[in-house]
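Chain residues, written in single-letter form:
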Amino acid sequence: MMGHSHALSGVVGWMAVVPLVQGTEFFGLSFDLGPGEIIAGSLVCAGAALLPDLDHKSATVTKTYGKVTEVLGGMLGYLFGGHRMGTHSFFFAILMGVIVQLLALWSEMAVQVFVFLLVGIALQGLGFGLDKNRVASGVINALATAGITLALFSTGVNYTWLGLAVAFGVILHFFGDMVTKMGVPIFWPLWKKRIGQGKGFVTDGPVEQKVVTPLLTVGIIVGSVYLFDWPAILPEY
Ligand SMILES: [Zn+2]
């Protein structure tokens, strides 16, 4: 799938699990997700759903922060055996989730920086920054990212779920690649076979453009209507 479809699937995926986990406990974490957590989680998941393609030189995510993401991507590609190998495995998803969860336990500040970077990736993936005018769109992306991160910070979003959301977003990426013809070696490095290869639709083909992307967009609208307590959010007239 294309970057924007992966990013959209991250938003839809988070919105879909919110009603399922709301009020439950998981690994000692209790889920009490308000509007701030729903929005933050959607963007975190969207950003995380792009991370596996850091192993590809020309992926949206690799271009997001210029040289920084290019060098990081080159390193990940090397460590995880090239494009669509180790970064497309449960091993990578769990590793990312654990690293981020440890980061969250270690420092509140690190969490804010990480969320800021991931929101930037999410917005880039969702379509900001794809214009021909790269400088202007880069500035708009940076401003939007800063605005969103600050708004989330000032509403006091609780990020205890951060590692899980990152692991979940990464796993959603695999589903996205599996429904296209590419296939994903989810059991790497134990079993390097690409599951789902040769089945599904063509990346950026008519099915993705005319069916998958519009459906994901509708999913976000439905999710937003369903999840948010609109009468409480909108001012009364
Ligand atoms: Zn991929």
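As shown above, the structure is provided for reference.
These numbers were taken from a predicted model, which means no experiment stands behind them.

The rules behind each value
- Residues numbered from 1 in each chain as written.
- Predicted model: local features only at pLDDT ≥ 70, side-chain atom pairs only at ≥ 80, totals over all residues.
- Heavy atoms only, no water.
- Helix = DSSP H or I, 4+ residues; strand = E, 2+ residues; numbered from the N terminus.
- Areas by Shrake-Rupley, 256 points an atom, 1.4 Å probe, with all protein chains shown as cover.
- Core = buried A, V, L, I, M, F, W, Y, C linked by side-chain atoms within 4.5 Å.
- Buried < 20%, exposed > 50% of the residue type's maximum accessible area, 1.4 Å probe, protein only.
- Contact = heavy atoms within 4.5 Å.
- Phe/Tyr/Trp six-rings, centres within 6.5 Å; stacked < 30°, edge-to-face > 60°.
- Salt bridge = Lys/Arg side-chain N within 4 Å of Asp/Glu carboxyl O.
- Patch = residues over 30% accessible without salt bridge, like charges linked within 9 Å, V, L, I, M, F, W, Y side chains within 5 Å.
- Donors = N, O, S within 2.8 Å, 3.2 Å for Na, K, Ca; no water.
- Tetrahedral: all angles 85-135°; square planar, octahedral: opposite > 155°, others 65-115°.

Draft legend 1. Layout of the overall build of the protein. Per the secondary structure count, the protein includes ten helices and two strands. A total accessible area of about 12300 Å² is found for the protein, and carbon and sulfur atoms account for 73% of it.

Draft legend 2. How the structure looks around the nonpolar core. In this structure, Trp14, Tyr159, Trp161, Leu162 and Val166 are the most contacted members of the largest nonpolar core, which totals 56 residues. Mapped by element, the contributors of at least two residues to this core are helix H1 (3-21), helix H2 (35-48), helix H5 (90-106), helix H6 (108-126), helix H8 (162-178) and helix H9 (206-227). Here this core takes eight residues from H6, the largest share from any one element.

Draft legend 3. Spotlight on the environment of Ala46. Its place among the elements puts Ala46 in helix H2. By relative accessible area, which is 0% here, Ala46 ends up buried. Each C-alpha atom of the pair Ala46 and Ser5 lies 9.5 Å from the other, and the pair is 41 residues apart in sequence. Apart from the residues within four sequence positions on either side, Ala46 is in contact with Ala7, Gly10, Val11 and Ala122.

Draft legend 4. Highlighting the packing of aromatic side chains. Using the criterion set out here, one finds nine aromatic pairs in the structure. Considering the side-chain rings of Tyr159 and Trp161, the 5.4 Å spacing of their centres and the 50 degrees angle between planes classify their relative orientation as tilted. For the pair formed by Tyr159 and Trp161, the shared burial category is buried. Members of the aromatic cluster, connected to one another through ring pairs, are Phe80, Phe91, Phe92 and Trp188.

Draft legend 5. Structural detail: the environment of Val202. With respect to the helices, strands and loops of the structure, Val202 is situated in the loop between H8 and H9. In this structure the C-alpha to C-alpha distance between Val202 and Leu117, which are 85 residues apart in sequence, comes to 30 Å.

Draft legend 6. Structural context of the pattern of salt bridges. On inspection of all chains with the given rule, the structure shows three salt bridges. Residue Glu70 pairs with Lys63 through a salt bridge whose shortest N-O separation is 3.9 Å. For Glu70, a relative accessible area of 30% puts it in the partly exposed group. Assessed through its relative accessible area of 36%, Lys63 is described here as partly exposed. Beyond isolated ion pairs, a larger network of salt bridges with shared partners links Lys63, Lys67 and Glu70.

Draft legend 7. Representation of a nonpolar patch on the surface. Nonpolar side chains collect at one region of the surface, where Phe90, Ile94, Val98, Leu102, Leu105, Phe187, Leu190 and Trp191 lie side by side and expose about 880 Å² of accessible area between them. Structurally, Trp191 can be placed in the loop between H8 and H9.

Draft legend 8. Structural view of the coordination of the zinc ion. Donor atoms from the polypeptide that coordinate the zinc ion comprise Asp53 (OD), His88 (NE2), His173 (NE2) and Asp177 (OD), at 2.1 to 2.3 Å from the metal. Taken together, the four donor atoms coordinating the zinc ion and their angles of 89 to 171 degrees define a geometry best described as irregular. Counting gaps between the donor residues of the zinc ion yields the pattern D-x34-H-x84-H-x3-D. In this pair, His173 and Asp177 both sit in helix H8, four residues apart, roughly one turn of the helix. Residue classification places His173 among the buried residues on the basis of a relative accessible area of 0%.

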